[in-house]
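Per-entry structural report
Each chain, letter by letter, is given below.
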Amino acid sequence: MLKFLKQLFHIDHLIITLLDFLFIDVILMLAVNISFFNPIERAIENFSMIDMCYQVENRTQAPDTSRIITIVDISDVKDRVKIAEMVDSINAANPAVVAFDVIFDPLIGTDEVNMRLLESLSALPVSRYAFMMKEWDQQKHSYTIPFRSFFFFDEYEQDGYVNTPESADGSTLRTFSLNRVFLGDTIESFPLKIASAYDKRLEGLRGEDRIIDFSPTYFPEVNWNDIGNNEHLLRDRIVIVGALHDLVDNHYTSIGRIAGVKVVAHSVQTLLENRNIRHASTLFTIIVTFLMVYFTQLWQHFLVKKMWSSTSTFWLFARRSESLISLLTFFWVCFITFFNFLLFRLENLSLDLLWMLCGVAIVEEARGFYRAFVCVMADKRHINFFKRSLYYKPLKQ
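1. Examining the nonpolar core
Among the nonpolar cores identified, the biggest contains 36 residues, and Ile69, Ile194, Ile238, Ile240, Val268 and Leu271 are the most heavily contacted of them. Taken together, the elements giving at least two residues each to this core come down to α4 (49-60), β2 (69-73), β3 (97-100), α8 (190-198), β13 (238-242), β15 (256-259), α9 (260-273) and α12 (324-347). A per-element tally of this core places α9 first, with 7 residues. The residues contacting Ile238, other than those within four sequence positions of it, are Ile68, Ile69, Thr70, Val97, Ile194, Tyr198, Val268 and Leu272. Ranked by size, the runner-up nonpolar core spans 26 residues in total, among them Val72, Ile83, Phe152 and Trp224.

As structure tokens, then:
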């Protein structure tokens, strides 16, 4: 038993684990700093296990139908008179909140038409509107120009910003913000404006960006000219008016490319259901990664030792097989990924598995490098420390 414990906690395992970390650090550093590795760098920066977890959920689970949020699609209507008539129909269905994921451009429409639309919008008991912050000023660290609907001029009481900077460079949109500083004032995002209008307990909420809950959910969709037949889908609900089929307002997300209005719906749902998904801290991630790599080194070490010490048919076969270790490592990686999925579902915690999966994948290479180094340093440099290694074999053999 004592001999087993000595092998279990032998310093060789620690050295190989640290060497594995060094290899991964070098590989990632090269990927980030060498120009022709730019595609790899972007892939590394855009890697997230959250995407995998949500994709697994959406492929294996039937979606829940939202009982709170309904989307009204206005993809094929531009006429503001027709939009005003649609608003009247929505108002007649007695929704709880009506949110417009559309900006009514001040430069479009005559005064008469705009007044007709404004009258319909003013009749809504509770309404919220989207706007864009534009013209980033690097010195002020703020956007400087608001692009708002034609009927807003002063305070941001009914409208919230919809800026999604991740989509500008093609990155995956996974989070939404609650607040941003705009020209010295703290203003609220469009999803928070909608959620707090529906649930007063969320008013004045502050905090860091939230991870969007992309759990499989179907938000009922109603076409703008078919509201009269679907009033039951609007009554006492949050109604988000937006374009479901606008190719411009589309975003890459954890569940693929979807319309911006659906991103808003998922964001509002995240706030109302108070599902606060968290990224594991860097320290916790390093500790878990170290333990996983160390354990990988242990089971591979004892497996190889068993191969070469046993004369049974199975172990003789395993000894001559060049793919057994790789195959078992693959299943081990699958298990680690499944463990992260369970952690995500049960504790709303997401681990950054990039280091862990890379580290587990190259343990065998790190061990091979260390074995060669041990033999050379022991026989050529005559360093006794290396002669006590588990992997020392005299070069003459």
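2. Side note on the pairing of strand β4 (residues 127-137)
Each regular strand displays side chains that alternate between the two surfaces of the sheet. With 3 bridges joining them, β3 and β4 adopt parallel strand pairing. Residue pairing across strands places Ala99 opposite Arg128, the latter belonging to β4. Judged from the 3 bridges that link them, β4 and strand β6 (residues 159-161) form a sheet pairing that is parallel. What sits directly across from Ala130, in β6, is Gly160. Looking at chain direction, β4 and strand β5 (residues 142-147) are connected through 5 bridges and run antiparallel. Pairing of Met133 across the sheet is with Pro146, part of β5. The turn linking β4 back onto β5 is made up of 4 residues, and His141 within it adopts a positive phi angle of 55 degrees.

3. Quick look at the packing of aromatic side chains
Scanning all chains against the criterion turns up 20 aromatic pairs. On the numbers, 5.5 Å between centres and 80 degrees between planes, the contact of Phe23 with Phe369 is edge-to-face. Here the residue Phe23 occupies a position in helix α2 (residues 11-33), and Phe369 occupies one in helix α14 (residues 363-379), the gap between them amounting to 346 residues. Residue Phe369 is classed as partly exposed on the basis of its relative accessible area, which comes to 44%. Centre to centre, the rings of Tyr129 and Phe152 are 5.3 Å apart; their planes meet at 65 degrees, and the pair counts as edge-to-face. Residue Tyr129 is located in strand β4, and its partner Phe152 is located in the loop between β5 and β6; the two are separated by 23 residues in the primary sequence. An aromatic cluster is present here, built from Phe100, Phe104, Tyr129, Phe150, Phe151 and Phe152 joined pairwise through their rings. Sitting above the plane of the Phe147 ring, Lys134 keeps its charged end 4.6 Å from the centroid. Here Arg257 stacks its cationic end above the ring of Tyr252, 4.5 Å away from the centre of that ring.

4. A few points about helix α5 (residues 80-92)
Residues separated by three or four positions in an α-helix point in the same direction, a consequence of the helix having 3.6 residues per turn. Taking 1.5 Å per residue as the helical rise, α5 with its 13 residues ought to reach 18 Å, and the 18 Å between its terminal C-alpha atoms agrees with that figure. Those residues of α5 that sit buried are Arg80, Ile83, Ala84, Met86, Val87 and Ile90. On an axial view of α5, the arc spanned by its buried residues comes to 160 degrees, and they lie on one face. Among the residues of α5, the N-terminal cap falls to Asp79, whose side-chain oxygen and the backbone nitrogen of Val81 are separated by 2.8 Å.

5. Focus on the pairing of β13
Taking burial as the measure, the 5 residues of β13 include 5 buried ones, the bulk of the element. Residues Ile238, Ile240 and Gly242 point to one face of β13 and Val239 and Val241 to the other, with burial holding for every one of them. Inspection of the sheet shows β2 paired to β13 by 5 bridges, in the parallel sense. Looking at β13, one finds that Val72 is bridged to Val241.

Cut-offs and rules
Residues numbered from 1 in each chain as written. Predicted model: local features only at pLDDT ≥ 70, side-chain atom pairs only at ≥ 80, totals over all residues. Heavy atoms only, no water. Core = buried A, V, L, I, M, F, W, Y, C linked by side-chain atoms within 4.5 Å. Buried < 20%, exposed > 50% of the residue type's maximum accessible area, 1.4 Å probe, protein only. Helix = DSSP H or I, 4+ residues; strand = E, 2+ residues; numbered from the N terminus. Contact = heavy atoms within 4.5 Å. Pairing = 2+ DSSP bridges. Phe/Tyr/Trp six-rings, centres within 6.5 Å; stacked < 30°, edge-to-face > 60°. Lys NZ or Arg CZ within 6 Å of the ring centre and 35° of its normal. Expected span 1.5 Å × (residues − 1). Arc of directions from axis to C-beta. Polar contact = N/O pair within 3.5 Å; in protein donor to acceptor, adjacent residues only side chain to side chain.

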